[in-house]
Amino acid sequence: MFLSLFLSLLLMTVSENDAAERIQAFVIPHSHMDVGWVYTVQESMHAYASNMYSSVVEELSRVKSRKFIAVEQEFFRLWWDKVASGWHKKQLKQLLQEGRLEFIIGGQVMHDEAVTDVDDAILQLTEGHGFLYETFGVRPRFSWHVDPFGASATTPVLFALAGFNAHLISRIDYDLKDAMQKNKKLQFVWRGSPSLKEKQEIFTHTMDQFSYCTPSYLPFSNRSGFYWNGVALFPDPPKDGIYPNMSLPVTKETVELYAQTMVDNIKQRAQWFSTSNVLWPWGCDKQFYNASVQFMNMDVLVNYINTHSDKYGVEVQYATLKDFFQAVHQTNLSWDVRGSQDFLPYSTEPFQAWTGFYASRNVLKGIARKASSLLYAAESLFTRYSVSYPDGPVQREWALEKLKALRWAVSEVQHHDAITGTESPKVADMYMQHLMQGMMGAEELLAAIFLLPQSIELNNIHSPQTKPTAEKMDLGHVPEQHIIVYNPLAWNISTYINVSVPYAMAVVLDDDGKAVPAQIQQSMESSSDYDLFFVVELGGLQYRKYVVQFPQSHCDPGSDCRMTHVARIVKFKRRNVRQWKRTGRKLLPVLNECYKLMFDQETNLLHSITDRHDQKVTQVQQDFWEYKANGDVNVGPISDNYIFTANGSAVLAYKSVAMEIVPGKVVSEIRQYFYREEEDKNHTYSVVTRVPVGFQDRLPCHRLEQSYKVGPIEMNREAVFRTSTSLQNNRTLFTDNNGYQMMRRTHKDFANNTVARNYYPMVRAAYIEDDSSRIAFLSERAHGVASLNQGQLEVMLHRRLWNNQEWNLGYNLTLNDSSVVRPVLWMMLGSPAAISSIYQQEALQLQHRPVVMPIDKPQKLWNQRKKSSKPVVQPVQIPQNLHMQTLSIPGWNYSPNHTQQIQNLASGEELKSKMNFDCILLRITHLYEEGEDPVLSKPTTINLKEVMQGIGEVTEVQERSLTGTWDISDLQRWSWKTNIGVGKPEEEEFFSGVTKNFSVTISPKEIRTFFIYFK
């Protein structure tokens, strides 16, 4: 008897040990659904996306063990609103409650991580989360960033702030992934911000070499495996349900073959991870549009493997991402910590550096950011209007619909095959159309707020308290134009704006009737137009109205005409490169209070810049170069819309240069024209450098605005603007991660493709420096940048490519971009400390330049204007080291109390039909890193009631998670053990909180989100 008992206990122990060592495979059904890429959203909805959601809901409802994860919200929302039946909606809610359908990420799209701006990444995440929480009470807790081309260190910070417990990535450099696999380092705790450190760390799982698609090779079949529904067909699904390349069914004859293939793959993957839990993604692009045939086959396979688990040493189960991460978390292992390094750039092979897309489709990149900036301005202006005039003539529901349309378009274009420029031409056109339509709606809203009576006390746009520009001037015969200028930033600003006018003389009057400094000159774009520059002074979130008068007769020097400088163009002889001999002998200075720029009349190029603050001279030359790309795969590696492969060094892109200088009193302008051939009449490249004048001790003094015109360029050319300096930077470059933080980029040498693999994305800023000087560039759209030689920084501005690769031709992804692009960069030069203190603000002032809205065309007025008081718009101002990242009315009608929200949904209350205008979303970020500046890097305390008093009286403030769906006091994230000590305790609060009197202290790099309510 004792022997029998002993043997039983021994067998139980052995069985338990076997179970402990047995591999647990989490089969995660999913469909990767690109919001665009090759096919338009409408084409994808028709061909497969609608069927996918309907089919998955039906099949999960049939069998309780089945599960599925859903990622991109744009497709889902279109299905929910336009396709789903009442039965589908009811079943889907039940599946969510049971945890068998899980929303992952929850943003509108799976956003790109290299060329997106942090504000736009947050926007698309907020839009998706708002819909999910309002509709289902669901708040995603995990990410699935499987397809962006490289991983930013900003993304894990954002996901931590949104309340995620774990993060998942896939596309990282091939050689780095190989090393991480061998050393079982694919999982780690990522502290993406050097300032926030463990406060916003997140456990990160890197997918192995098989990535997010099920391995399709079957040793027993010439068809792909595990894709029983085949490949999606465009434009129409087949009527007979038979798709191309449908996998062999699982039958008595094939089940063991399938099982062995699957088990072998699971065991191979298990070798690369530290736990016995293996994530086995089941799906790929455009899958599960026939979920019935998918699950019908996989059910048999899963049951077979589990029935023979002793033989295989593997157990498999359908799972959501929560199931997998929960199992890993429960192992209670300690994990390596990764600091603030990112995974950029991304290469798949030695000659496949995915750095070309940093510059692909420059026009789309520019329009996307322009739309984002317009949305930013319209959101804050409408918020102010709604609080001040809840019953005003601008109908609030109409206004919010306009904003929602632009939010949708801006969110959509953040997709990893959208703003990247890696889509087909028809899809690029779709993105552009949605953006332009959204922008038109936002402009209609701005016009309505500015022009309708009683809108922020702007009763009569033609009634400023102005005066004639001269005694002889009859106002009835002087054409004039009215322009409203709005500052969307919560800082006071002093800058200049530029408008095109049809007259050679103009006088600009502000809303006090005072003439402001102005400058007028012949336009370089049109012989019949003139560029009018004038100085504007605006408080935070404040607009002012300006009247531009166009005197038709001679101006009296004693009149207001004296405030306008008529600038003359000085032309210089065109210089051919082959005739350059000795240079630097005939230098011409252009000065302002901060800089002295020297231009070489023998080359017509910039020669040097002197920082007048410390009298330090830096040699600077700027010109255009081109990389000649190979387009024949039979000859060698190619460049395409994803990949940059430098076919040798860049070559000079011009043979002669012309120059014009326009000395001014508001801005001095240097116009340089670069001609491809000496005999060319039309230039291929130009750069206009504007040097602000008269802004001493103010930010504009430090910025040199450069506007470029590039193209059309020749086929298989990649155009760069190169700045060569005397700085000793050792080819080390600094670029930003999504405009949130700066990354140090040390030049690396590779056996092959060194140029392309040293390119990095620049979203807002890039700079090089040595011990005494820094030269920085700020951008209003994304570009690729590199420092390939000592003291050099080059920016890729445009690409035009064609190749004969079958895959690219089949999907029309060859990037034959014949457009003319017109990006803008701001250049700054000074000591590292001086530039560190201002470049963050300057980058935002470039991104969010004043909104200039001419509200009429130059016209003669019939009657003398009535005098009236100027509109009273109180400024809103926060300290210069903080930025008001968002001020908007989301409009979601969910309760901020989670318990109440769940009760409301359970009771079936239909809240969605009514928009909520009382809840204002305010997001404030600290711009500086710890230790970056001795003063500006300190934690800063502000009183939100005092800050917002220019808009109204704040009565309540609630601190929320990044996307607003969590009360910050309720949010607890999983804590992960690390090899350098325990991570953030789960009960630890994110931030210091808001005091009873509405004060809040914001520390370096924090992004704080609030719901605020006004009286």
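Residues numbered from 1 in each chain as written. Predicted model: local features only at pLDDT ≥ 70, side-chain atom pairs only at ≥ 80, totals over all residues. Heavy atoms only, no water.

Quick notes on the overall build of the chain
- If you tally the helices and strands in the chain, you get 20 helices and 46 strands.
- Taking 31 Å as the expected radius of gyration for a compact globule of 1015 residues, we find that the chain reaches 30 Å, a close match to that expectation.
- Overall size of the chain, expressed as C-alpha extent along the three principal axes, is 120 × 70 × 60 Å.
- Scored against the burial criterion, the 1015 residues of the chain give a buried share of 64%.
- As presented, the chain carries roughly 38100 Å² of accessible surface, and 50% of it is formed by carbon and sulfur atoms.
- Averaging the locations of the 102 positively and 110 negatively charged side chains of the chain gives two centres separated by 4 Å. (Helix = DSSP H or I, 4+ residues; strand = E, 2+ residues; numbered from the N terminus. Rg over C-alpha atoms; globule rule 2.2 N^0.38 Å. Buried < 20%, exposed > 50% of the residue type's maximum accessible area, 1.4 Å probe, protein only. Areas by Shrake-Rupley, 256 points an atom, 1.4 Å probe, with all protein chains shown as cover. Lys, Arg positive; Asp, Glu negative; His and termini not counted. Charge placed at Lys NZ, Arg CZ, Asp CG, Glu CD.)

Overview of the nonpolar core
- In this structure, Phe136, Phe226, Met262, Trp282, Met298, Leu301 and Met884 are the most contacted members of the largest nonpolar core, which totals 161 residues.
- Excluding its chain neighbours within four sequence positions, the residues that come into contact with Trp282 are Val27, Ile28, Pro29, His30, Thr214, Phe226, Trp228, Phe288, Gln294, Phe295, Met298 and Tyr318.
- Among the nonpolar cores identified, the runner-up in size contains 64 residues, and Tyr708, Val710, Met762 and Ala843 belong to it. (Core = buried A, V, L, I, M, F, W, Y, C linked by side-chain atoms within 4.5 Å. Contact = heavy atoms within 4.5 Å.)

Regarding the sheet that holds strand β33 (residues 765-769)
- Ordered by their spatial adjacency, 10 strands build an open sheet running β19-β25-β26-β27-β28-β37-β34-β33-β30-β31, and the pairing between neighbours is antiparallel. Each edge of the open sheet carries a strand with a single partner, namely β19 (570-576) and β31 (741-745). This sheet shows a mean twist of 20° between the axes of neighbouring strands, independent of strand direction.
- Summarising the sheet, strand β34 (residues 774-779) and strand β37 (residues 824-830) pair through six bridges and their orientation is antiparallel. Note on β37: the bridge partner recorded for Ser779 is Leu825. (Pairing = 2+ DSSP bridges. Axes fitted to C-alpha atoms, helices over the stretch in contact; angles between N-to-C directions.)

Points about the pattern of salt bridges
- Under the defined criterion, the tally for this structure stands at 49 salt bridges.
- With its nearest N and O atoms 3.4 Å apart, the salt bridge here joins Asp175 to Arg757. On the criterion of sequence distance, the pair formed by Asp175 in helix α7 (residues 174-182) and Arg757 in helix α15 (residues 754-757) is long-range, its members being 582 residues apart.
- Residue classification places Asp175 among the partly exposed positions, given a relative accessible area of 34%.
- In this structure Arg757 comes out as buried when scored by relative accessible area, which is 5%.
- The partner of Arg1008 in a salt bridge is Glu959, and the shortest N-O contact between them spans 2.6 Å. Highlighted residues: Arg1008 in strand β46 (residues 1007-1014) and Glu959 in strand β42 (residues 954-960), separated in sequence by 49 residues.
- Relative accessible area serves as the criterion here: at 0%, Arg1008 is assigned to the buried category. (Salt bridge = Lys/Arg side-chain N within 4 Å of Asp/Glu carboxyl O.)

So, the packing of aromatic side chains
- Evaluated as defined, the whole model comprises 67 aromatic pairs.
- On the basis of an interplanar angle of 70° and a centroid distance of 5.9 Å, the ring pair of Phe188 and Trp190 is categorised as edge-to-face.
- Exposure remark for Phe188: the relative accessible area of 4% places this residue in the buried category.
- Residue classification places Trp190 among the buried residues on the basis of a relative accessible area of 0%. (Phe/Tyr/Trp six-rings, centres within 6.5 Å; stacked < 30°, edge-to-face > 60°.)

Focus: the sheet that holds strand β16 (residues 530-538)
- Spatial ordering of the open sheet is given by β13-β16-β15-β18, a layout of four strands whose pairing is mixed. The strands lining the two open edges of the sheet, one partner per strand, are β13 (493-501) and β18 (564-566). Pairwise comparison of adjacent strand axes, ignoring direction, gives a mean angle of 25° for this sheet.
- By the bridge criterion, nine bridges tie β13 to β16 in an arrangement that is antiparallel. By the bridge assignment for β16, Ser494 is matched with Glu537.

Quick notes on the environment of Val71
- By the element assignment, Val71 lies in the loop between β2 (68-70) and α3 (73-82).
- Since its relative accessible area comes to 6%, Val71 is described here as buried.
- Sequence separation between Val71 and Val547 is 476 residues; the distance between their C-alpha atoms is 51 Å.
- Val71 has contacts with Ile104, Ile105, Gly106, Gly107, Met110 and Trp144, leaving out every residue within four places of it along the chain.

Some points on unusual backbone geometry
- Here Phe234 and Pro235 are connected by a cis peptide whose omega angle stands at 0°.
- In this fold, Pro235 is placed in the loop between β6 (202-206) and α8 (255-270).
- Look at the link from Gly711 to Pro712: it is a cis peptide, with omega at -5°.
- Residues other than glycine seldom take positive phi values, yet Arg361 does so here, at roughly 50°.

Things to note about the packing of helix α12 (residues 362-388) against helix α14 (residues 425-451)
- The interhelical angle for the contact between α12 and α14, taken along N-to-C directions, is 30°, at an axis separation of 9 Å. Classified by the angle their axes make, α12 and α14 are roughly parallel. Relative to α14, α12 is oriented so that their crossing is left-handed. Contacts from Val363, Leu364, Ile367, Ala368, Lys370, Ala371, Leu374, Ala378, Leu381, Phe382 and Tyr385 in α12 reach Tyr431, Met432, Leu435, Met436, Met439, Ala442, Glu443, Leu445, Leu446, Ile449 and Phe450 in α14.
- In the contact of α12 with α14, the residues fall into 20 nonpolar, no polar and two charged. (Parallel < 35°, antiparallel > 145°, perpendicular 65-115°, else oblique. Left-handed = near helix turned anticlockwise from the far one by under 90°. Nonpolar A, V, L, I, M, F, W, Y, C, P; charged D, E, K, R; others polar.)

Focus: the state of the cysteines
- Using the criterion set out here, one finds two disulfides in the structure.
- Here Cys213 connects covalently by a disulfide to Cys284, the sulfurs 1.8 Å from one another. Here the disulfide of Cys213 and Cys284 is right-handed, its torsion about the S-S bond being about 60°. Placement of the pair is Cys213 in the loop between β6 and α8 and Cys284 in the loop between β7 (277-282) and α9 (291-307), with a sequence separation of 71 residues. Neither Cys213 nor Cys284 differs from the other in exposure class; each is buried. (Disulfide = S-S within 2.5 Å.)

Thoughts on the confidence of the model for the chain
- On average, residues of the chain score 92 in pLDDT, and 93% of them reach the 70 mark or higher.
- Per-residue pLDDT stays below 50 along residues 9-19; that stretch engages in one contact with residues further than four places along the chain or on separate chains. (pLDDT = per-residue confidence, 0-100.)

Focus on the packing of helix α2 (residues 41-62) against α9
- Between α2 and α9, the least distance of the axes is 8 Å, while the angle of their chain directions is 40°. Considering the angle they form, α2 stands oblique to α9. Seen from α2, the contacting residues are Ser55, Val56, Glu59 and Leu60; seen from α9, they are Ala291, Ser292 and Phe295.
- Among the residues making up the contact of α2 with α9, the classes are represented as four nonpolar, two polar and one charged.

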